[in-house]
Amino acid sequence: MRHEKIAPQLMVALENYQEEGRAGLIRHMRSLGVIPSVGSPKPARAVVFIHCEEQARLDSLAQYGIRVNQPRGRIRTAFLPIESIGPLSDDPAVERIISSHYLRLRMDVAPGKVHIPEFRRNSRLSGKGVIIGIVDTGIDPNHPVFLGRILRIWDQTLTGPGVAEGGYGLELIGAQLTASRDREGHGTHVAGIAAGFDPVFGGIAPGADLVIVKSDLQDAHIADGIRYIFRIAHDLGRAAVVNLSLGGHYDAHDGSDSLSQIIDMESGEGRIVCCAAGNEGNDNIHAQGIIPAGALRTIRFRIPTGMVHLAALNGWYPGVNSLEVSIRTPGKFVTPFQGVISSGSYVRTYTLPDARIRIATPGPDPANGDHNFFIEMGAPPGLPVRGGTWQLRVRNISATDARLDIWTLDDQISPEVVFTGASVKDSMKIGSPGAAAGAITVASYTTKVQWTDIDGHVRTVGLVLDDISDFSSEGPLRNGKQKPDVTAPGAMIVSCLSADSQPSRAEMVNPSFLAMAGTSMATPFIAGIVALLLERDPKLGPQDIKTLLRAHSLIPGQSAGTFDPKWGFGLIDALGL
Amino acid sequence: MTDYKKLDAALATALESAQDSEAPLFSVFIHTEPTSDKAKVAFLEKLGVNIGSGEQLIFTGTLSAHAVRELSEQPWVRYLKLSRKLRLLNDPK
């Protein structure tokens, strides 16, 4: 028996069978495709996936009672007696044997809920000839769902001479691809949704090729990655769609930031960028206030104790207004009010007994003409920022009322510094790059709330089934422009697990796939659809794609074409695309 | 003389805390005027900025505080913005 070819979960079941007989398989009935046949003269059987050579002839395995369901293909399914797993693994054409899972078909609901299978069947589209570019945490180059379809990886985190778009990192092709690993697992999961090839957990465009940029997530390097993918696609004469399942709130929330500008410049015919709307639907990261002329207003925000080492506020208001800002710490100490500083350095540092505050108040921003301020709250090196309730005090010294929008920023994986009180505003939470005018910005819809993990435990998440995901960030943009564009399934989505990542076992459904949620997952769903559309017409541009998506999206209970800041133009329905 | 009008608030704030003015600590976007001035490309190359075809208007590079200040003085530089690390958008609360 070639143990290395057999998936761990199946191996465990096999050992239980060898030690305890059929009774040892009962515990695997719910998690594996195992039929113990206790009390029956029939042998215990299992349903498995076989990864093998494309043209491998497996007919001879019939002598062991193994019924292979497909005559050809790299991944096939089979029904076999448990005892025959050994002979199956001995066949030189067989590369891997993976257990089937009873609940898989019930979990794999997202594509069906928006009619992807029907669309692909009717159109015969698979994304073939199109490049899907993923700028993310990398990819598991050995995952069988991507076999032979990763054209290149630009690993920005490896030491090397770089590429034309950036003199850093290492470009990998062919056998070199395995030098790049995805230790976070996010990029592999995203790539699987867009383009994975798997009979159960396959992605939307399983015929598309992939160009991967493993990024350090700096937005300047993400911009370099977008340019790299489009250059490769151009050199190969292919259309391309780039997936960006990431975002931030350092920008003006109007698409005028550098990354959004580059997306707008680089997009065009056969060059599409899809961006996540964001996951801050439940996070009070945005505050808004109308500050009357001559008035003082206070906006409260809370910093958790002991965990945040950098907290900041990013505020924006019209260039015609002039505001002065001051910070009050939890110890009730205050900085002076600081207004717009038009000459020399506009940054001032204030050392208070319980914090060090830096306030930057430049003149109008050259990109959009608006005023902004940036306030950084720090502590002595190595210590966290003081926890508690802080206050931003704002004084309007201009002759007209001013609308102020502010976003909190911190150094945590998800937002921890949040506004409290009446200034909290559940809108305008789509930042860069989702704010880019040319990008297709994607909100998340919940198609699954329960799954069975690798240990057989039923896991349930607190989301409303068949509704917009509450975590999905709301638009519109600060300048009133409509975002997001469209909604797609984003929770809970089962896709590829990177072998180099260490997810929670509660997320894993088997050794090769796991369930995740977020607009990160909704975005590659749309990127995959865009790849299908580009296969049909490689000349489609961002506006063409948006028009098509809008025409085939709907908010439940609303008339077609209705925009909502949470849904965009609604949930995609691929049936008539 | 640093032209602070060309620096965004985050970059100006970060410059304030730079201990070593020659260390390449700042990943930035460099927004430039549309000019065919060869001095622009030469200047950017000297700083180690990726110029690509040289025809684009927005460049990226990792620069020292000194280089950022020097760039801000160039007439063909419109403004400079600090690159920021973005978040992955999975695992929502």
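Structure: see above.
Throughout this document, residue positions are counted from 1 along each chain, in the order its sequence is written. In the order they appear in the text, chains get letters beginning with A and ligands get numbers beginning with 1. Under the rules for a predicted model, residues below a pLDDT of 70 receive no local features and side-chain atom pairs below 80 are neither given nor counted, while totals for whole chains, interfaces and linings still include all residues. The side-chain values count all of the structure's non-hydrogen atoms but skip hydrogen atoms and water molecules.

### A look at the nonpolar core
- Formed by 80 residues in total, the largest nonpolar core has its most connected members in Ile132(A), Ile440(A), Ile526(A) and Ile529(A).
- Elements are defined by DSSP. Helices are runs of H or I of four residues or more, strands are runs of E of two residues or more, and each kind is numbered from the N terminus. Considering every element that reaches this core, the biggest residue donor is helix H9 (residues 519-536) of chain A, with eleven residues.
- Split by domain, the residues of this core number at least three in each of domain 1 (3-102) and domain 2 (110-280 + 433-576) of chain A.
- Ile529(A) has contacts with Ile116(A), Ile204(A), Leu549(A), Ile572(A) and Leu577(A), leaving out every residue within four places of it along the chain.
- If you look at the next biggest cluster of nonpolar residues, it comprises 33 residues, including Ala9(B), Leu63(B), Ala67(B) and Trp76(B). Each nonpolar core is a collection of buried residues, namely Ala, Val, Leu, Ile, Met, Phe, Trp, Tyr and Cys, held together in the definition by side-chain atoms within 4.5 Å. Remark: exposure states derive from per-residue accessible area (1.4 Å probe, protein chains only) relative to the maximum for the residue type, with buried under 20%, exposed over 50%, and partly exposed in between. Where each domain begins and ends is defined by an automated method or by a domain database. Between two residues, a contact is recorded if the distance between any of their heavy atoms is within 4.5 Å.

### Remarks on the sheet that holds strand E22 (residues 418-420) of chain A
All names here are of chain A.
- At least two bridges found by DSSP between two strands is the condition for calling them paired. Spatially, E16-E20-E14-E22 is the arrangement adopted by the four strands of the open sheet, whose pairing is antiparallel. Every other strand in the sheet has two partners, leaving strand E16 (323-328) and E22 as the edge strands with one partner each. Averaged over all adjacent pairs, the angle separating strand axes in this sheet is 30 degrees, with direction ignored.
- Looking at chain direction, strand E14 (residues 296-303) and E22 are connected through three bridges and run antiparallel. Counted as the bridge partner of arginine 302 is valine 418 from E22. For helices, the fitted axis covers only the stretch in contact; all axes are lines through C-alpha atoms, and the angles between them, taken along N-to-C directions, range from 0 to 180 degrees.

### What to know about the packing of aromatic side chains
- Here the aromatic set is Phe, Tyr and Trp, taking the six-membered ring for Trp, and pairing holds for ring centres within 6.5 Å; pairs whose planes are under 30 degrees apart are stacked, those over 60 apart are edge-to-face, and all others are tilted. Evaluated as defined, the whole model comprises nine aromatic pairs over all chains.
- On the basis of an interplanar angle of 75 degrees and a centroid distance of 5.7 Å, the ring pair of Phe43(B) and Trp76(B) is categorised as edge-to-face. Placement of the pair is Phe43(B) in helix H2 (residues 38-46) and Trp76(B) in the loop between helix H3 (65-72) and strand E3 (77-82), with a sequence separation of 33 residues.
- Look at Phe43(B) and you get buried, because its relative accessible area is 14%.
- One aromatic cluster in this structure is built from Trp154(A), Tyr168(A) and Tyr228(A).
- Only Lys NZ and Arg CZ are tested; either one counts as a charge over a ring when it is within 6 Å of the ring centre and within 35 degrees of the ring normal. The cationic tip of Arg395(A) hangs over the ring face of Phe337(A); the distance from NZ or CZ to the ring centre is 4.0 Å.
- The aromatic ring of Phe43(B) is capped on one face by Lys46(B), whose charged end is 4.5 Å from the ring centroid.

### Some remarks on the packing of helix H6 (residues 186-195) of chain A against H9(A)
All names here are of chain A.
- Interhelical geometry of H6 versus H9 gives an angle of 35 degrees and a closest axis separation of 7 Å. As H6 packs across H9, the resulting crossing turns out to be right-handed. Contacts between H6 and H9 involve His186, His189, Val190, Ile193 and Ala194 from the former and Ser520, Met521, Pro524, Phe525 and Gly528 from the latter.
- Each residue belonging to the contact of H6 with H9 can be placed in one class, and the counts come to six nonpolar, four polar and no charged. Whether a crossing is left-handed or right-handed is set by the direction in which the near helix is turned from the far one by less than a right angle, anticlockwise for left-handed and clockwise for right-handed. Three classes are used, and their members are as follows: Ala, Val, Leu, Ile, Met, Phe, Trp, Tyr, Cys and Pro are nonpolar, Asp, Glu, Lys and Arg are charged, and the others, Gly among them, are polar.

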